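Breakdown of the fold
Residues per chain are reported as follows:
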Amino acid sequence: MPTAASSDRPIRIGTRGSKLATTQAQQIADRLIANGHPAELVIITTAGDTSTAPVAQIGVGVFTTAIRLALRDGECDVAIHSYKDLPTAPEPDLAMAAVPERVDPRDALVSRGGMVLGELPSGSTIGTSSPRRAAQLRAQGLGLEIRPLRGNLDSRLGRVANGELDAVVVARAGLVRIGRADEVSEALDPVVMLPAPAQGALAVECLSDDAELVRILAELDDPSTRAAVDAERAVLAALEAGCTAPVGAIAEVVESIDSDGRIFAELSLRAGVAAEDGSDVIRASAVGPVERAAQLGKDLAAELLELGAAEYVPKA
Ligand SMILES: NCc1[nH]cc(CCC(=O)O)c1CC(=O)O
């Protein structure tokens, strides 16, 4: 079978049809084209796009399963996902061919009148359907009323603009990608709100046995982002938690200095688990070698479990 890379036709990039998804997929297409590889988008409809039920109800892999199916069926050559939407279970027939440089992983508050979190009066309504965001907001003890929130980014922000809600919390990365970052009232520091593992990162997959395409896509890989995401997702996997669990994690490559004054790169990881009612947050952090990212995450999850995290983690 001729692979996409060896034939004359463009590389077909499978993506969801939302503005966010097509914008980020087009950025990947543009980079491939710039590298001399013609590419085009193929829009895949997923159950997550047609349902307004909470993600916790319709299932973890709802956004990504249909795109992977299209890849396996040969309807596209490459699958682009928001990395944080991918379940942690390994898929041996698929290659994580590239993890491009991530955008800002923090969550963002968008509020009426641009108020920051601490300015929202007690009783303010704040939209989010993420158990992780809701639990961490409750843990602040600000008397905020959490309201369900789904739909695409435009409709989520619209509920603040039309006065239905005082504020919403969304991934800042999404707003950056659709060009609306200027509407952010406050980028929430991870000390207040640990982001979802892999938030702000993209996953670029193809079939593992398409060696030529694996090589072409590898040009888009950012090793620092890949290491950070590997560590964050290892926490989630080791806790056996799904992507709707109240688990946050954020890693970054930092510069350290050894005893001889030499600068070297290390991976810094922070993670936490929150009780759904906000009555407790368990946090831990670690620093380790970049090449052992997944082990760092696994060890940190063990530490969280020792601190009692299991009580707050619904099984995937
Ligand atoms: N769960 C939905 C989802 N998946 C990816 C993003 C956009 C940000 C990203 O790429 O991490 C969002 C929206 C949100 O969480 O506000």
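Where an unreviewed UniProt entry is consulted, the chain appears under the name Porphobilinogen deaminase, with the organism given as Gordonia liuliyuniae. Quoted straight from UniProt, the Catalytic activity (unreviewed entry) entry for the chain says "4 porphobilinogen + H2O = hydroxymethylbilane + 4 NH4(+)".

1. Considering unusual backbone geometry
Peptide bonds are trans in most cases, and residues, glycine excluded, mostly fall at negative phi. Unusually for a residue other than glycine, A198 sits at a positive phi of about 75°. Summarising the element assignment, A198 is placed in the loop between strand 9 (186-187) and strand 10 (202-207). Given 29 C-beta atoms within a 10 Å radius, A198 is considered buried.

2. Notes on the sheet that holds strand 5 (residues 107-111)
Each strand in a sheet pairs with another by means of backbone hydrogen bonds, the pair being arranged parallel or else antiparallel. On the basis of which strands lie adjacent, the open sheet formed by five strands has the order 7-6-8-5-9 and mixed pairing. The sheet terminates laterally at strand 7 (145-147) and strand 9, the two strands that pair on one side only. When strand 6 (residues 125-127) meets strand 7, the two strands line up parallel, connected through three bridges. If you follow T125 over to strand 7, its bridge partner there is E145. Each of strand 5, strand 6, strand 7 and strand 8 (167-171) is contacted by helix 5 (residues 131-139), which is oriented at about 170° to strand 7, the strand it contacts most.

3. Observations concerning helix 9 (residues 223-238)
When the terminal C-alpha atoms of helix 9 are compared, their 22 Å separation across 16 residues agrees well with the 22 Å that a helix rising 1.5 Å per residue should span. When you tally the buried positions in helix 9, you get 12 out of 16 residues, the bulk of the element. Those residues of helix 9 not exposed but buried are T225, R226, A227, A228, V229, D230, A231, E232, R233, A234, V235 and L236. The secondary structure elements touched by the buried residues of helix 9 are strand 11 (247-257), strand 12 (263-274) and helix 10 (293-306). Taken from the residues just after helix 9, E240 is the one with a positive phi, measuring 50°.

4. Some thoughts on the pairing of strand 13 (residues 281-288)
In terms of strand pairing, strand 12 meets strand 13 through eight bridges, oriented antiparallel. In the sheet register, L267 faces strand 13, and the bridge partner there is G288. Hairpin connection of strand 12 to strand 13: six residues between the antiparallel strands, including G278 at a positive phi of 75°.

5. A few points about the pairing of strand 8
By the criterion of burial, strand 8 is predominantly enclosed, with five of the five residues buried. Relative to strand 8, strand 5 runs antiparallel, the two sharing five bridges. Residue S111 lies in a different strand from strand 8, and its bridge partner there is A167. Bridge count for strand 6 against strand 8 is two bridges, and the pairing is parallel. Bridging across to strand 8, G127 finds its partner in V168.

6. Quick notes on the nonpolar core
Counting 90 residues, the largest nonpolar core has I13 and V168 as the members making the most contacts within it. Sorting elements by how many residues they give to this core places helix 9 first, with seven residues. Among residues more than four places away in sequence, those in contact with I13 are A25, I28, A29, A39, E40, L41, V42, C76, V78 and I80.

7. A short note on the domain arrangement of the chain
For the chain, the domain assignment lists domain 1 (11-100 + 201-221), domain 2 (107-187) and domain 3 (228-309). Its C-alpha centre places domain 1 at a distance of 27 Å from the equivalent point of domain 2.

8. A closer look at the site of the ligand
The environment of the ligand is formed by S82, K84, D85, V170, A171, A173, G174, Q199 and G200. Every element with two or more residues in the shell around the ligand is listed here: strand 8 and helix 7 (172-177). Taken domain by domain, the shell around the ligand gets at least three of its residues from each of domain 1 (11-100 + 201-221) and domain 2 (107-187).

9. Notes on the sheet that holds strand 1 (residues 11-15)
Read across the open sheet, the five strands follow the order 2-1-3-10-4; overall the sheet is mixed. Two strands close off the open sheet at either side, each with one partner strand: strand 2 (39-43) and strand 4 (94-98). With direction set aside, neighbouring strand axes in the sheet form an average angle of 35°. Against the sheet, helix 4 (residues 65-72) contacts strand 1, strand 3 (78-82), strand 4 and strand 10, and its axis sits at roughly 170° relative to strand 3. Of the strands in this sheet, strand 3, strand 4 and strand 10 are in contact with helix 8 (residues 211-218), which crosses strand 4 at around 30°.

How each quantity is defined
- Residues numbered from 1 in each chain as written.
- Predicted model: local features only at pLDDT ≥ 70, side-chain atom pairs only at ≥ 80, totals over all residues.
- UniProt positions renumbered as here; feature names shortened; annotations may be inferred.
- Helix = DSSP H or I, 4+ residues; strand = E, 2+ residues; numbered from the N terminus.
- Buried ≥ 20, exposed ≤ 12 C-beta atoms within 10 Å, placed from the backbone.
- Pairing = 2+ DSSP bridges.
- Contact = placed C-beta atoms within 7 Å.
- Axes fitted to C-alpha atoms, helices over the stretch in contact; angles between N-to-C directions.
- Expected span 1.5 Å × (residues − 1).
- Core = buried A, V, L, I, M, F, W, Y, C linked by C-beta atoms within 7 Å.
- Domains from an automatic or database assignment.
- Near = placed C-beta within 6 Å.

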